[in-house]
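One-letter residues, chain by chain:
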Amino acid sequence: MACACSTVSSQKILKADDGAVTVTRVDFYRLTRDPAARVVPLLAERVLGQGDRLLVAAGDAALRTAISDALWAHKADAFLAHGSVDGDTARLDPILVGADLDPSPPNGAAMAIIADGQWRDAALGFARSFFLFDNSRIDDARAVWRTLAKADGVEAHFWLQDDRGRWQEGAR
């Protein structure tokens, strides 16, 4: 499964009256083929490849376990090192998995993934957030999209997965 998405961190835009301001990027990923536990490792690999750190939020303990297992087994010859937000090594772990989003995670993550389709406003405290949702949460995701489209300092992108597992950016 290929991820053609870019994980470049937040970008700057110029504000006429007082210089540059940071724009938070939110990427909406509609999961129509693969579950979150298969998509999170793909995104995490790209985030780590850029030298960034990541916080993954999933309210359901079973989903957190599935994500953790998928991060360990992502590739036969390597794994994606991670830990729990409340673990002893949380400050050192490049990827943290927890139930919620803390805008000041112990590992200093600048990027976040919401893996359970339940939007959290704390995602706007990160340089970039990935919001994963399936068809059961489509109405909620649309409402979040509409809200963020009106917000200053937020750049939203929408990604769709094709039948071969590749991600394509959709119309905004």
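Here, the structure is the one placed above.
All figures in this text were calculated on a predicted structure; none of them were measured in a lab. (Residues numbered from 1 in each chain as written. Predicted model: local features only at pLDDT ≥ 70, side-chain atom pairs only at ≥ 80, totals over all residues. Heavy atoms only, no water.)

### Details of the nonpolar core
Nonpolar side chains tend to gather and get buried jointly when the protein is soluble and globular.
Part 1: With 26 residues, the main nonpolar core has Val56, Ile67, Ile113, Ala115 and Leu132 as its most contacted residues.
Part 2: Those elements that place two or more of their residues in this core are strand S2 (19–31), helix H1 (36–49), strand S3 (54–57), helix H2 (61–72), strand S5 (95–98), strand S6 (111–114) and strand S7 (128–134).
Part 3: For this core, the element with the highest residue contribution is H1, accounting for 7 residues.
Part 4: Apart from residues no more than four positions distant in its own chain, Ala115 is found in contact with Ala36, Val40, Val56, Ala57, Ala58, Leu63, Ile67 and Leu132.
Part 5: With 22 residues, the next largest nonpolar core counts Ala57, Leu96, Ala109 and Phe131 among its residues. (Core = buried A, V, L, I, M, F, W, Y, C linked by side-chain atoms within 4.5 Å. Buried < 20%, exposed > 50% of the residue type's maximum accessible area, 1.4 Å probe, protein only. Helix = DSSP H or I, 4+ residues; strand = E, 2+ residues; numbered from the N terminus. Contact = heavy atoms within 4.5 Å.)

### As for the pairing of S3
Part 1: On S3, burial covers both faces: Leu54 and Val56 on one face and Leu55 and Ala57 on the other are all buried.
Part 2: Where S3 meets S5, 4 bridges bridge the pair, whose relative direction is parallel. Considered in S5, the bridge of Leu55 is made with Leu96.
Part 3: Bridge count between S3 and S6: 4 bridges; the pairing is parallel. Bridging from a neighbouring strand, Leu55 pairs with Ala112 of S6. (Pairing = 2+ DSSP bridges.)

### Thoughts on the pattern of salt bridges
Part 1: Within this structure, the stated rule accounts for 9 salt bridges.
Part 2: Between Asp100 and Arg120 there is a salt bridge whose closest N-O contact spans 3.1 Å. Of the two residues, Asp100 is situated in the loop between S5 and S6 and Arg120 in the loop between S6 and S7; the sequence distance between them amounts to 20 residues.
Part 3: On the basis of relative accessible area, Arg120 is assigned to the buried category, the value being 10%.
Part 4: Linked by salt bridges that have partners in common, Arg25, Asp27 and Arg128 make up one network. (Salt bridge = Lys/Arg side-chain N within 4 Å of Asp/Glu carboxyl O.)

### Some remarks on the packing of aromatic side chains
Part 1: A full pass over the atoms with the stated rule returns 10 aromatic pairs.
Part 2: Centre to centre, the rings of Tyr29 and Trp167 are 4.9 Å apart; their planes meet at 65°, and the pair counts as edge-to-face. Taken as a pair, Tyr29 in strand S2 and Trp167 in strand S9 (residues 167–169) lie far apart in primary sequence, 138 residues in all. In this structure, Tyr29 and Trp167 share a single accessibility class: buried.
Part 3: Look at Trp119 and Phe131: their rings are 5.3 Å apart centre to centre, the planes differ by 75°, and that puts the pair in the edge-to-face class. Residue Trp119 is located in the loop between S6 and S7, and its partner Phe131 is located in strand S7; the two are separated by 12 residues in the primary sequence. The pair formed by Trp119 and Phe131 is uniform in burial state, with each residue classed as buried.
Part 4: An aromatic cluster is present here, built from Phe28, Trp119, Phe131, Phe133, Trp145 and Phe158 joined pairwise through their rings. (Phe/Tyr/Trp six-rings, centres within 6.5 Å; stacked < 30°, edge-to-face > 60°.)

### Focus on H1
Part 1: Here H1 contains 14 residues, and its C-alpha end-to-end distance of 20 Å stays within 8% of the 20 Å for a straight helix at 1.5 Å per residue.
Part 2: Every buried residue of H1 is listed here: Ala36, Ala37, Val39, Val40, Pro41, Leu42, Leu43, Ala44 and Val47.
Part 3: One or two positions beyond H1, positive phi appears at Gly51, with a value near 85°. (Expected span 1.5 Å × (residues − 1).)

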